[in-house]
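A look at the structure
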Amino acid sequence: MTVENTTQPLPYAEPADQVLDRLGVTDEGLGPAQAEERLARSGPNRLPAPPRPGVVRRLLGHFDDILIYILLASAVLKAILGDWIDFTVILAVAVVNGLVGFVQEGQAEKALDGIRTMLSLDAQARRNGQWQVVDAETLVPGDVVRVRSGDRVPADVRLLSATNLQVDEAALTGESVPAAKDPRAVDPRAGIGDRSSMLFSGTLVATGTGVGVVVSTGADTEIGRIQALVAGVDHLDTPLTRQLAAFGRALSIGILVMAAFMLVIGRVFHDFELPELVSAAIGFAVAAVPEGLPALVTVTLALGVQQMARRNAITRKLTSVEALGSVTTICSDKTGTLTTNEMTVRSVVTSAGEYAVHGLGYAPEGHLTREDVTVDPAALTDLRRLLRAAGSCNDARVVQDEDGHWKVVGQPTEGAVTTLTRKSGVDLTGVRRLAVLPFESATKYMATLDLDSALGADPLVRAVGAPDRLLDRCTHQLAADGGLEPLDRPHWEAVIDGLAAQGLRTLSAAERTAPDQDDLEPGQLTDLVFLGVLGIVDPPRPEAVQAIADCHRAGIRVKMITGDHVGTATAIARELGIAGATGEVLALTGAELEEMTNDQLSARVREVDVYARTSPEHKLRIVRALQGHGEVVAMTGDGVNDAPALTRADVGIAMGIKGTEATKEAAEIVLADDNFATIERAVEEGRRIYDNIRKSVVFLLPTNGAQSLVILVAVLFGLSLPLAPVQILWVNLVTAITLSLALAYEPAEPGVMSRPPRKPGGSVLGRDSLTEVVTASLLIGGATLAVYFVERNSGSSNGVAQTTAVTMLALGQLAYLFSCRFLNSSSLTVRVLRGNPVVWWATGALIAFQLLFTYAPFMHSWFDSAAIGARQWAFTAGLAIVVFLLVELMKAVDRRRQ
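What this report covers is the structure whose coordinates are included nearby. (Residues numbered from 1 in each chain as written. Predicted model: local features only at pLDDT ≥ 70, side-chain atom pairs only at ≥ 80, totals over all residues. Heavy atoms only, no water.)

Empty space left among the atoms is revealed by rolling a probe the size of a water molecule over them. Considering all chains together, one arrives at two cavities of 30 Å³ or more under this definition. Reported here for the largest cavity is a volume of approximately 50 Å³. For the largest cavity, the lining is made up of 11 residues, of which Lys334, Arg505, Asp538, Asp564 and Thr568 are closest to its centre. Within the residue set of the lining of the largest cavity, elements represented by two or more residues are strand E22 (528–537) and helix H18 (566–576). Its residues assigned to classes, the lining of the largest cavity shows four nonpolar, three polar and four charged. Counted as a void, the second largest cavity has a volume near 40 Å³. With four residues, helix H14 (residues 412–423) is the single largest residue contributor to the lining of the second largest cavity. Class assignment for the residues of the lining of the second largest cavity results in five nonpolar, three polar and one charged. (1 Å grid on protein atoms, 1.4 Å probe; cavity = no way out; pocket = protein on both sides within 12 Å on 5 of 7 lines; lining within 4 Å. Points joined across faces, edges and corners; volume = space filled by probe spheres on them. Helix = DSSP H or I, 4+ residues; strand = E, 2+ residues; numbered from the N terminus. Nonpolar A, V, L, I, M, F, W, Y, C, P; charged D, E, K, R; others polar.)

Here we take up helix H21 (residues 616–628). An α-helix turns once every 3.6 residues. As a result, residues three or four positions apart point the same way. Spanning 13 residues, H21 covers 18 Å between terminal C-alpha atoms, matching the ideal 18 Å at 1.5 Å per step. Most of H21 sits inside the fold, with 10 of its 13 residues counted as buried. Buried within H21 we find Pro616, His618, Lys619, Leu620, Arg621, Ile622, Val623, Ala625, Leu626 and Gln627. (Expected span 1.5 Å × (residues − 1). Buried < 20%, exposed > 50% of the residue type's maximum accessible area, 1.4 Å probe, protein only.)

Position of glutamate 685 relative to the elements: it lies in helix H24 (residues 676–716). A polar atom in the side chain of glutamate 685 sits 2.6 Å from the side chain of arginine 688. Setting aside anything within four residues of it in sequence, one finds glutamate 685 in contact with Gly304, Gln307 and Met308. (Polar contact = N/O pair within 3.5 Å; in protein donor to acceptor, adjacent residues only side chain to side chain. Contact = heavy atoms within 4.5 Å.)

Glancing now at the packing of aromatic side chains. Under the definition given, this model contains four aromatic pairs. Aromatic pair phenylalanine 699 and tyrosine 816: ring centres 6.3 Å apart, planes at 20 degrees, arrangement stacked. Of this pair, phenylalanine 699 sits in helix H24 while tyrosine 816 is found in helix H27 (residues 798–820), placing the two residues 117 residues apart along the sequence. Here phenylalanine 699 and tyrosine 816 have matching classes, each one buried. Judged by centre distance (5.4 Å) and plane angle (55 degrees), the ring pair of phenylalanine 818 and tryptophan 840 falls under tilted. Residue phenylalanine 818 is found in helix H27, and its partner tryptophan 840 is found in helix H28 (residues 837–855); the two are separated by 22 residues along the sequence. For phenylalanine 818, a relative accessible area of 12% gives the class buried. Here the basic side chain of arginine 370 rests over the ring of tyrosine 355, its NZ or CZ set 5.7 Å away from the ring centre. Between arginine 831 and the ring centre of phenylalanine 822, over which it is positioned, the NZ or CZ distance is 4.5 Å. (Phe/Tyr/Trp six-rings, centres within 6.5 Å; stacked < 30°, edge-to-face > 60°. Lys NZ or Arg CZ within 6 Å of the ring centre and 35° of its normal.)

Put into structure tokens, the structure is as follows:
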């Protein structure tokens, strides 16, 4: 169970005076001696830096990888062969691979550093009854502090008093609208987002002032608990990393077993001399080790990083590019990712009926309709009066920035109303404000006294706020014809409930004439005329709706995890189509999740679509529960509260625009546009990259397999070696720098987002791919042996026979390259000749290198090669075409079998 221990004091659930008594302090604050004594006991108000292993230990840890071992073994073998150039190159690749991991390792530490930078540097504390500025690190439990608009809260504080206090807690809760604060105690079961009597360290005061007593500092604060979660979370390896590690282990064991088998056969059955046997075993190992594989994977991933950057997904960790392609579940934040993060009036209801508002965000572009017919607000008294009142009783404005984007200056909800008035063409230049009652969380309304030249000479009292509070102060309502009629409260309550059921926040407006009045007091807000209700929402991004549908088509579940209220979240999820084909959205709140054991959560986690009012621990539990079912989880986030879950997820995705630095450092991928559709495009890119890595592996291994087969057959049957070790190195070199890289540029195959995610526990080589590798190895190796012995039997020199065999290997790999372009379909199509120009550049480069190998005199002395004639070229080219056709036949048989 993760239920909070209710025997511990819960300051948010206790009366303020009780909290002061428990802390042994009054509202006059602490004395200097008390503060020093408590500081010595509680320690500085800062987040502690966790212990870190030494540099050497961290560096060596990145060489503890089977593929690095294979590279180092290859380098040693090449040194034994005296090939110092290849020894240097391969050793450099191994070192670079280890250094890249070492550089990337600092992400978790940087995430913690990013959280530490959120803490306040100084604070206003009352010491000995006097307010003074103190270093925030010296604050202790019991200190009385005050905050005002623009301040960063210096510690976890229990409010004692507040005036119009609203705090931006988005970094902790994900809530897009500042939270109203009130000193009154709340329910002990309240989640972080509902603890209105608390201020949390690192959050920002949006408006108002407050005084409170410090209850927690440093690591004991909510942000300190999040830091501890980040430090304690183990990050899982990506599916590709796990698959390549398993593949590397299996391959290394196979190489050692076969080399030992060759030594035994050669010595026992053919009585080979030991130096000759060792040379053959080294040649076999050099042939079998795919030393180009790590570099090939790295290059493919790096190209994917560039492609994703062009799609607004900035990759901070190379392997996460591919990991996105294997994702089975995306846990997404709501605000700004699935929605626009721009409050928008969607519906206006007056006595005459309901009007739909078109246009998204703060851009003053759009119109109003009623029953799908565009209306002119200036011609409708009910609508005009409501919009003038709501627009006048408002302090927000919308402006256009240098990039042409519209943004709000002021409260988001008021910004939505300002945008509505501009969409409607309402001219408020004739309105002059005489007095104002600011919005307060206790009253939940704002009121003004205005002179509005468009409506007469008498002043008007106008109020905008929570519908229930204004209904209490109204006696009449504006009729459809502009007259007055008695207030129909049941009707308006039904309207409000209907809008709330759609996930809309509701705001209402009221007014009355106030002849001879020049000031405004709360007691004067009586006998108002109710004008109507506005339904406001942070609307779904239109492109997110399509992106979620594409994810469902690709077999990926999308779950919303938000700090918002469950009703709003569920309504938005329904609009987005998160429930998929069922149409029913299953939701779970943080309070309900808190009461569940891990087993209970595990039983429900996959079926729930929406998690609302969640805390950092909840998000971490959700990710772990999903991973417990074998899901590959991508987690999006923007606040510090998301950092632990992002670190634990298989792929952590941070928001580039509204994300905190701590979140970006904890993530593997940062979205430059904070858009869910970018995630869907990145998943598609990840699938393309994995396909290309698989194609590259399937293509590369027959090179090693064919070479190993040639040497193995020669040893097993006591024949002379058809290929010298140095010639094997040549084939490896030219295929690695030409043909192997061509597949990294392959475009996505048709239907890449119409197939389900690959199984997380699968191998990088499935059974079908392994069959293809073995078949291609046998065909290319057999053709190489055939041309060698045909040439020898026809009287050609050993140099000509070996050069013909090398040419067969090169051309056989070239033919096989075209077959690997389409692993899941036939390559006997004209499409195999189009779509990837790099293939033709690689083909030209291979042929040029092979001509150099065959005819350059200095190559003859280096590689024991010799010039060959047109007959040998035609013979090897013909066999290469046969190899291509036989591989395609095998693929067709596999497809028919499936």
